[in-house]
Amino acid sequence: MKKENKQGAGMASHEILGGKVNIYRRNGLTWHCSASLKGIQYRTSTKETGLAQAKAFAEDWYLGLRGKLAAGLIKTEKTLAEAAKKFELEYAVITEGERSPKWVWSAPHFTGQIG
């Protein structure tokens, strides 16, 4: 099914697998595909310029993605340790240099013992 994309006039998109996978072209020659599984949006480039080849790639990609999710091979949630590490990396930017990084780890609300 072909439909007009909301993102821009003339940007065609196609649905396959009963609307579970969307195939679309951005401002280039290659097709991209997207799908939503368990409330998470996944996207990738098909690296194909032909629509038929892009549809075949997207179908294989989607079925592989579903299989990996079912087998628990794709992590869908961040751990507290990952969030803490990201906070530590962005801390200087967040505080605009007004706080010492040592303050974060000595504060009573954050012990740095996450792992």
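See the structure shown above.
What this report covers is the structure whose coordinates are included nearby. Being a predicted model, the structure only gives us computed values, none of them experimental.

### Observations regarding the overall build of the chain
Helix and strand counts for the chain come out as three helices and five strands. The helix and strand sequence of the chain, counted from the amino end, reads β-β-β-β-β-α-α-α. When each of the 115 residues of the chain is scored for burial, the buried share is 27%. Across the chain, contacts joining residues at least 24 apart in sequence account for 25% of those joining residues at least 6 apart.

### Considerations on the side chain of T46
Within the secondary structure, T46 is located in the loop between β5 (40-45) and α1 (51-70). A polar atom in the side chain of T46 sits 2.7 Å from the backbone oxygen of W31. Aside from chain neighbours lying at most four places away, what touches T46 is W31, H32, C33, A54 and F57.

### Regarding the nonpolar core
Grouped together as the largest cluster of nonpolar side chains are 14 residues, with contacts concentrated most on V21, I23 and W61. Secondary structure elements with two or more residues in this core: β3 (21-25), β4 (31-37) and α1. At six residues, α1 tops the list of elements feeding residues into this core. Here I23 is in contact with A12, S13, H14, I16, W31, H32, C33, L51, A54, K55 and A58, once residues within four sequence places are set aside.

### Side note on the pairing of β4
The element β4 is largely enclosed, with a buried count of six among its seven residues. Strand direction decides the pairing type here: β3 and β4, joined by five bridges, are antiparallel. Within the sheet, the bridge partner assigned to R25 lies in β4 and is W31. Here β3 folds back onto β4, and the loop between the two strands holds five residues. When β4 meets β5, the two strands line up antiparallel, connected through six bridges. In the sheet register, L37 faces β5, and the bridge partner there is I40. Between the end of β4 and the start of β5, which pair antiparallel, lie two residues, with K38 showing a positive phi angle near 50 degrees.

### Some words on the environment of N27
Residue placement: N27 occurs in the loop between β3 and β4. Sequence separation of N27 and M11 is 16 residues, and the distance between their C-alpha atoms is 8.2 Å.

### Some details on α1
The terminal C-alpha atoms of α1 lie 28 Å apart, and with 20 residues this matches the ideal 28 Å at 1.5 Å per residue to within 8%. All of the buried residues along α1 are A54, A58, W61, Y62, L65 and L69. Buried residues along α1 cover an arc of 100 degrees about the axis, so they all sit on one side. Residues of α1 that are exposed and point more than 90 degrees away from the buried face comprise A52, D60 and A70.

About the thresholds
Every chain's residues receive numbers from 1 upward, in the order its sequence appears when written. In keeping with the model being predicted, local features are shown solely for residues with a pLDDT of at least 70 and side-chain atom pairs are shown and tallied solely at 80 or more, while totals for entire chains, interfaces and linings include all residues. Excluding hydrogens and water, the side-chain figures rest on all heavy atoms present in the structure. Runs of E in the DSSP output that reach at least two residues are strands. Runs of H or I that reach at least four are helices, and both are numbered from the N terminus. Three labels apply to residues, based on accessible area from a 1.4 Å probe with only protein chains included: buried if under 20% of the type maximum, exposed if over 50%, partly exposed otherwise in between. Two residues form a contact once any of their heavy atoms are found within 4.5 Å. Counting of polar contacts relies on pairs of N or O atoms within 3.5 Å, with two restrictions inside protein: one atom must be capable of donating a hydrogen and the other of accepting it, and residues adjacent in sequence are counted only when both atoms are side-chain atoms. Working definition of a nonpolar core: buried Ala, Val, Leu, Ile, Met, Phe, Trp, Tyr and Cys residues. They are joined through side-chain atoms within 4.5 Å. Here the rule is simple: two strands pair whenever DSSP picks up at least two bridges between them. A helix is expected to reach a length of 1.5 Å times the quantity of its residues less one. Think of the arc as the fan of directions from the helix axis to the C-beta atoms.

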